Amino acid sequence: MPERSGPGFRRRVGPPSRRARVGLLTLGVLAVLFLLFVMFAGFWTDWLWFRSVHYSSVFTTQLWTKIGLFAVFGLLMAVIVGFNVWLAHRLRPPLSAMSVEQQSLDRYRSGLAPFKRWALLGVALVIGLVAGAAASGQWRTWLLWTNGTPFGTKDPQFGKDVSFYAFDLPFYEFLLGFAFSAVIVSLLTSVMVHYLYGGLRLQGPGRRASVGAQGHLAVLLGVFVLLKAVAYWLDRYALAVKTGSYKGVSGWTGLRYVDANAFLPAKTILFFVAVICAVLFFLTPVRRTWAPALIGLGLMVLSAVLIGGVYPAIVQQFQVKPNEQAKETPYIQKNIDATREAYGIADSQVVQYEPANATNADALKPDAQTISDIRLLDPNVVGPTFQQNEALRKYYAFPKSLDVDRYGDQDTVLGVRELDLNGIQRNWINDHFNYTHGYGVIAAKGNQVDANGNPVYTESALPTKGAFGDYQQRIYYGEKTSTYSIVGGGYQDIDYTAEDGTPVHFSYDGDSGVGLGNPLTRAAYAVKFAEPQILYSSAIRDGAKIIYDRTPKERVEKVAPWLSIDADPYPVVENGRVMWVLDGYTTSDGYPFSSKTTLGDVTKDSLTNQRGELLTAANQVNYIRNSVKATVDAYTGEVTLYQWDETDPVLKTWMKAFPGTVKAKADIPTELAPHLRYPQDMFKVQRDLLAEYHMTDAGGFFNGTDIWQVPTDPTTNSNEVQPPYYLTVRMPDAKEASFSLTTTFSPQGRDNLAAFMSVSADPGPDYGKIRIAKIPTGAGALGPKQVQAKFNSDPLVANQLTLLKTGTDSDIEYGNLLTLPVGGGLLNVEPVYLIGRSAKVPVLKKVLATYGNENAVVAVEDNLEKALAKVLGGAVTGAPATPTAPGTTPTAPTTPTAPTTPTAPTTPAPGGTVTPELQKAIADAVKANNDSQTAFKNGDWVAWGQAQKALNDALKAVEAAEQKAGITPAPTPTGTAPATPPATPPASSAPSSGP
């Protein structure tokens, strides 16, 4: 037998064996089944999640809307394209005398002949699937159109309700785009079929197109041109929401003079030209010639160039430019009015405020609360301090940026002690079973620190104790909780570790999560999280549930996909629960004449990288409302949406589309309501617009003589703008101070202060009221950058800060630079923190302050009381350096500090004798000081004022007696006496609660 190997042997290659074919087929089927199960797992787990949070209607509404759009528009596209392909084949000419060109195509026709029907169905199906998938992505457009609610406001150009532009026009444009796509695809496929079957020829004598092909394609082109006519008509209305750049506004929206007087007539003329051209195409099958239609098409193109391009350019050059201000003023005014209305800044109130360079006790009376609530604790700096002092276990962590809230009358800095898996030994059981939650909320007074510069905690320890009382402290849902956990079913996870190192266990019993009792569900989650142990692990017991999507922002975004969610959720302890509060925004890009803004750009500031979130980064809008307040229970994960803006038509539209998902404003719990506040991202959007749109006069806007900018943050190394701050402040035109969100403005290209802006952040009659204190040009008010430069260049400040760092291996970090309108002037306060290079724990060591312009005094002191005493000339101080003159009106208090008893001389000083007269004067001073302390503690400001006057008189008597006795003057009281009572005695106000 011949050898089967060697250089002369060639192995015969044949078809695979039956066993190989069966194996390959099996592998292929298994692969397809796996892919189908992966798709099913995504769908199934989504449904289970929505059902677990009781928002299944959101899932089903989206699902059925997408399926409906996919089916209707996919089928419609398939039918239109399939019909045209079939018609092109039906109109094919006889091929009895084929040209050389057609003979070369005959083999393609022959190869396709047995599969013509399947080819037709396949082409129509593929095109229909693509079109259906694209249409399903328009579910928001469909729901807005079908549920649209009138705005009750008409645009100034066409007199149509704003809802037409916000809800109707986008859907009409979608339909028009779909129709264009259907005609273009039909035209292309029809040309291919006509060419393949001889209806169109590129070579040979005679007609290039058969009668049937000519008629078919002419009708399609006629439909295309007719759609173009519809597009011209809709373009007329689209001019009201057209975006460009004008007068430094990159998102300028609306008609200008050339649009109203050139483009608008041009679009109308082109509409009629396109209709006539379409008619000529429809007549082509009758006239058997392309000439009229092609001439009409040429005229339409020429008209588009001349009427739609050249004519507007001529109008702009020869009518607008010579007298631009007069021509554009009416349209600028429309833009100003619409923009201010669309962004909720139409009612912003501007007052002139010329800051003084000095103040007195009387001027400070109305600002007593502002001064007493100056926040020393910067929530964006002291996160590591909370971590060092209150994390207590290595598997807990606080966010870098803490939150600010109000409890009673106290500004409070809050941090949630959340789970940090980086502090444990990582394995699947620890990550998902043993360590599942954080524990407690830590709170500190915003306006106080202790003797060491650390926060004064009002809620601390583990479990936490303090002003919040008893509440559910376990944090299963939080900002840092990004992984899934499997809880319940009797499994005892680690609640926390006791002081002696003994773990305290807990079994989750909250109404949250998806049950894993079903093997199919476990398999679906094993696929979703790419973790096979979910399928077979014995740690998963009967009744166990899986919880995921645990950050408050992603939970609200998922149940309300039509909302934009503020980037900074904040915790509230109310009614025995920890609730995350989030602000939801409804937006639109279809408000006529309102300029557009990119949310991600205008909400970015120097803290964005630290907080790590942006509001809908690339979304361009020209209408926004804070329409929804949402809460997420930190224990159960329950999401609740409350209607906040009861007049917003966009919210009303979405509530009709998703009925029952948003509760009425009246359902907001009374315990929660005081903690709701004006949101930062909304404020950032509004302040960005108000930098230019504070100018309400079109003439001033045109000249651009008063454009502002948000100053960069001078306390950081970034070039990002200064963030807004929550402060208790009284604006110059307000009677009382209120918890507000504040910011400053500088003139464009300069560093001085142009304006101070605040919005009332506390729920109440003034909630959302924007007030702007405008600084006159030349007033010399310092902007944040100038204030920081003044601090940095002051020799005393430099010396003090150098001494702080010397020998301590520490760095200096500046806290929030706060600007406050106080006593008729502007007070700037900045805490200074000392941070060890190894421990990285900030400790408040100094307070910088200045009051007035560039010539004002700079204070660098150990506490706020001393700093204010220096810069305010003794008008406000916790420990006056010199006695207040008799009869002086008491001034406003700073943070209360208990006074100490003055020290009286007990032995004669050299050269003199302690006389009975001197002893009596000292005793009177001690008594007056004690009376002052008692009155201060009791809130009896009348008695306090009398005691202060008696103290001043007694100190003068001491001085006179010393001089008479010829001895060295006795020491004055060294304790800290309360300064002055607030304008309204606390005895008449309601007692505060909480920290």
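None of these values were measured; they are calculated from a predicted model.

About the cut-offs
- Numbers given for residues are sequential positions, taken from 1 along each chain in its written order.
- The model is predicted, so local features are restricted to residues of pLDDT at least 70 and side-chain atom pairs to those at 80 or more, both for listing and for counting; the totals for chains, interfaces and linings are taken over all residues.
- Side-chain calculation: all heavy atoms of the structure are included, whereas hydrogens and water are not.
- For the purposes of this entry, the term helix denotes a DSSP run of H or I that reaches at least four residues, the term strand denotes a run of E that reaches at least two, and both are numbered from the N terminus.
- Helix span is expected to be 1.5 Å times the residue number reduced by one.
- The rule is simple: take the accessible area with a 1.4 Å probe, protein chains only, and divide by the maximum for that residue type; under 20% is buried, over 50% is exposed, in between is partly exposed.
- Between N-to-C directions, angles span 0 to 180 degrees; the directions come from axes that are lines fitted to C-alpha atoms, helices contributing only their stretch in contact.
- Oblique is the label for any angle not covered by the other classes, which are roughly parallel (under 35 degrees), roughly antiparallel (over 145) and roughly perpendicular (65 to 115).
- Note on contacts: a residue pair is in contact if any heavy atoms of the two residues lie within 4.5 Å.
- Polar here means any residue other than Ala, Val, Leu, Ile, Met, Phe, Trp, Tyr, Cys and Pro, which are nonpolar, and Asp, Glu, Lys and Arg, which are charged; Gly is therefore polar.
- The criterion is simple. A nonpolar core is a set of buried Ala, Val, Leu, Ile, Met, Phe, Trp, Tyr and Cys residues joined through side-chain atoms within 4.5 Å.
- Planes of paired rings set the category: under 30 degrees apart is stacked, over 60 is edge-to-face and the rest tilted, where pairs are Phe, Tyr or Trp rings (Trp by its six-membered ring) whose centres lie within 6.5 Å.
- Geometrically, a charge over a ring is one whose NZ (Lys) or CZ (Arg) sits within 6 Å of the ring centre while staying within 35 degrees of the ring normal.
- Pairing between two strands requires that DSSP report at least two bridges joining them.
- The method works on a 1 Å grid over the protein atoms by themselves. A cavity is a set of points holding a 1.4 Å probe that cannot get out, a pocket is an open set with protein on both sides within 12 Å along at least five of seven lines, and residues with an atom within 4 Å of a point line them.
- Grid points are joined across faces, edges and corners, and a volume is the space filled by probe spheres set on the points.
- N or O atoms within 3.5 Å of each other form a polar contact, as long as, within protein, one can give a hydrogen and the other can take it, and as long as residues adjacent in sequence are counted only when both atoms are side-chain atoms.
- Patch members must show over 30% relative accessible area and no salt bridge, and they are joined within 9 Å when carrying like charges or within 5 Å when they are nonpolar side chains of Val, Leu, Ile, Met, Phe, Trp or Tyr.
- Areas reported here follow the Shrake-Rupley algorithm with a probe of radius 1.4 Å; residue values treat only the protein chains shown as occluding.
- By convention in these notes, a salt bridge is any Lys or Arg side-chain nitrogen within 4 Å of a carboxyl oxygen on Asp or Glu.
- Should the near helix be turned anticlockwise from the far one by less than a right angle, the crossing is left-handed, and should it be turned clockwise, the crossing is right-handed.
- Positive residues here are Lys and Arg, negative ones are Asp and Glu, while His and the chain termini are left out of the count.

Asker: Account for helix H21 (residues 680-693), naming residues and giving values.
Answerer: An ideal rise of 1.5 Å per residue puts 20 Å on 14 residues; H21 measures up with 19 Å between its terminal C-alpha atoms. Burial runs high along H21: 13 of the 14 residues are buried.

Asker: Can you explain the packing of helix H2 (residues 56-90) against helix H5 (residues 139-147)? Please cite residues and give values.
Answerer: Interhelical geometry of H2 versus H5 gives an angle of 100° and a closest axis separation of 10 Å. As judged from the angle between their axes, H2 and H5 are roughly perpendicular. Packed against H2, whose contacting residues are Thr61, Gln62, Thr65, Lys66 and Leu69, the element H5 presents Trp139, Trp142 and Leu143 at the interface. In terms of residue class, the contact of H2 with H5 is made up of four nonpolar, three polar and one charged.

Asker: Talk me through the nonpolar core; I want residue IDs and the actual numbers.
Answerer: Across soluble globular proteins, nonpolar side chains show a tendency to be buried alongside one another. Counting residues in hydrophobic clusters, the biggest one holds 150 residues, and the most contacted among them are Ile486, Trp562, Leu641 and Trp654. Sorting elements by how many residues they give to this core places helix H6 (residues 162-196) first, with 15 residues. Sequence-distant contacts of Leu641, defined by excluding residues within four places in its chain, comprise Tyr55, Val556, Ala560, Val628, Lys629, Ala630, Thr661, Val662 and Lys663.

Asker: Summarise the packing of aromatic side chains; cite the residues concerned and give the values.
Answerer: Taken as a whole and assessed by the stated rule, the structure comprises 52 aromatic pairs. When the ring of Phe386 is compared with that of Tyr457, the centres are 5.3 Å apart and the planes differ by 70°; the resulting orientation is edge-to-face. With Phe386 in helix H13 (residues 383-390) and Tyr457 in strand S10 (residues 455-460), this pair connects stretches of sequence that are 71 residues apart. Look at Phe386 and you get buried, because its relative accessible area is 0%. Put simply, the rings of Phe73, Trp142, Trp145, Phe171, Phe174 and Phe178 pair up and form one aromatic cluster. In this arrangement the basic side chain of Lys160 is found over the ring face of Phe164, its NZ or CZ atom lying 4.8 Å from the centre. We note Arg236 situated over the ring of Trp233; from NZ or CZ to the ring centre the distance is 4.0 Å.

Asker: Give a description of the sheet that holds strand S13 (residues 485-488) that names residues and reports values.
Answerer: Overall, antiparallel pairing links the three strands, which are arranged S13-S17-S16 in an open sheet. One side of each edge strand has no neighbouring strand; the edge strands of this open sheet are S13 and strand S16 (514-515). By the bridge criterion, two bridges tie S16 to strand S17 (residues 544-547) in an arrangement that is antiparallel. If you follow Val514 over to S17, its bridge partner there is Ile546.

Asker: Can you tell me about the environment of Gly383, naming the residues and giving the values?
Answerer: By the secondary structure assignment, Gly383 is in helix H13. Gly383 sits in the buried class, given a relative accessible area of 3%. With residues near it in sequence (within four places) discarded, Gly383 still touches Phe398, Pro399, Lys400 and Leu402.

Asker: Describe the layout of surface pockets, with residues and values.
Answerer: Estimated volume of the second largest pocket: approximately 730 Å³. If you go around the second largest pocket, you meet 28 residues; those closest to its centre are Gly344, Asp347, Arg625, Asp645 and Thr647. Sorting the residues of the lining of the second largest pocket by element identifies helix H10 (324-342), strand S23 (623-633) and H21 as the ones contributing at least two each. With three residues, S23 is the single largest residue contributor to the lining of the second largest pocket. Partitioning the lining of the second largest pocket into residue classes produces 12 nonpolar, seven polar and nine charged.

Asker: Describe the environment of Val85, listing the residues and the values that go with them.
Answerer: Its location among the elements puts Val85 in helix H2. For Val85, a relative accessible area of 14% gives the class buried. Sequence separation between Val85 and Val193 is 108 residues; the distance between their C-alpha atoms is 6.8 Å. Sequence-distant contacts of Val85, defined by excluding residues within four places in its chain, comprise Leu120, Thr189 and Val193.

Asker: Describe in detail the sheet that holds strand S9 (residues 441-449), supporting the description with residues and values.
Answerer: Taken in spatial order, the five strands of this open sheet run S5-S6-S9-S10-S11, and their pairing is antiparallel. Unpaired on one side and paired on the other, strand S5 (403-407) and strand S11 (465-466) mark the two borders of the sheet. Of the strand pairs in this sheet, S9 and S10 are connected by three bridges, and their pairing is antiparallel. In the strand pairing of S10, Val449 is matched with Pro455.

Asker: Can you break down the side chain of Thr743 residue by residue, with the values?
Answerer: As for its placement among the helices and strands, Thr743 is situated in strand S27 (residues 738-747). Among the residues examined, Thr743 registers a relative accessible area of 4% and is labelled buried. Reaching out from Thr743, the side chain makes a polar contact with the side chain of Arg687 at a distance of 2.8 Å. Thr743 has contacts with Phe683, Arg687, Val710, Ala755, Phe756 and Met757, leaving out every residue within four places of it along the chain.

Asker: I'd like a rundown of the pairing of S23, residues and numbers included.
Answerer: Summarising burial for S23: 11 of the 11 residues are buried, a large majority. Of the pairings in the sheet, the one linking strand S20 (residues 577-588) to S23 comprises 10 bridges and is antiparallel in character. Bridge pairing links Thr586 to Arg625 in S23. Across five bridges, S23 lies against strand S24 (residues 639-643) in antiparallel orientation. Across the sheet, residue Val632 finds its bridge partner in S24, namely Val639. In textbook terms, the turn of a hairpin is the stretch between consecutive antiparallel strands, and for S23 and S24 this stretch comprises five residues, one of which, Gly637, has a positive phi near 75°.

Asker: So, a nonpolar patch on the surface: which residues are in play, and what are the values?
Answerer: Together, Leu24, Leu25, Leu27, Val29, Leu30, Val32, Leu33, Leu36 and Met39 make up an exposed nonpolar region whose accessible area comes to about 920 Å². Checked against the element boundaries, Leu36 lands in helix H1 (residues 18-52).

Asker: Could you give an account of the packing of H6 against helix H7 (residues 211-238), with specific residues and numbers?
Answerer: In contact at an axis separation of 10 Å, H6 and H7 are set at 160° when each is read in the N-to-C sense. Taken as axis vectors, H6 and H7 run roughly antiparallel relative to one another. The handedness of the crossing between H6 and H7 comes out as left-handed. Residues belonging to the contact of H6 with H7 are distributed by class as follows: 23 nonpolar, four polar and two charged.

Asker: Could you give an account of the environment of Tyr237, naming the residues involved and the relevant values?
Answerer: Take Tyr237: it is sitting in helix H7. On the basis of relative accessible area, Tyr237 is assigned to the buried category, the value being 12%. Non-local contacts of Tyr237, meaning those with residues more than four positions away in its chain, are made with Phe158, Lys160, Phe164, Tyr165 and Leu169.

Asker: Explain the side chain of Arg555 to me, using residue names and the numbers behind them.
Answerer: Assignment of secondary structure puts Arg555 in helix H17 (residues 552-559). Asp549 provides the closest opposite charge to the buried, unpaired Arg555, separated from it by 6.4 Å.

Asker: Explain unusual backbone geometry to me, and be specific about the residues and the numbers.
Answerer: Note on backbone geometry: most residues besides glycine have negative phi, and most peptide bonds are trans. Cis rather than trans, the peptide bond between Leu462 and Pro463 has omega equal to -10°. Here Pro463 lies in the loop between S10 and S11. Although it is not a glycine, Asp549 sits at a positive phi angle of roughly 50°. If you trace the backbone, Asp549 turns up in the loop between S17 and H17. You will see that Phe593, though not glycine, has its phi angle at about 75°, which is positive. Structurally, Phe593 can be placed in the loop between S20 and strand S21 (597-598). Overall, the relative accessible area of 0% leaves Phe593 in the buried class.

Asker: Residue-level account of the pattern of salt bridges, with values.
Answerer: Within the structure shown, the criterion is met by 23 salt bridges. Of the charged contacts in the structure, one is a salt bridge between Asp235 and Lys267, with a shortest N-O distance of 3.6 Å. Remark: Lys267 occurs in helix H8 (residues 257-287) and Asp235 occurs in helix H7; sequence separation between them is 32 residues. Here Arg474 and Asp495 are joined by a salt bridge, their closest N and O atoms 2.8 Å apart. With Arg474 in strand S12 (residues 474-475) and Asp495 in strand S14 (residues 493-497), the pair connects residues that are 21 residues apart, well separated along the chain. Residue Arg474 is classed as buried on the basis of its relative accessible area of 15%. The buried category is assigned to Asp495, whose relative accessible area is 2%. A single network of salt bridges, built from pairs that share partners, joins Asp46, Asp549 and Lys558.

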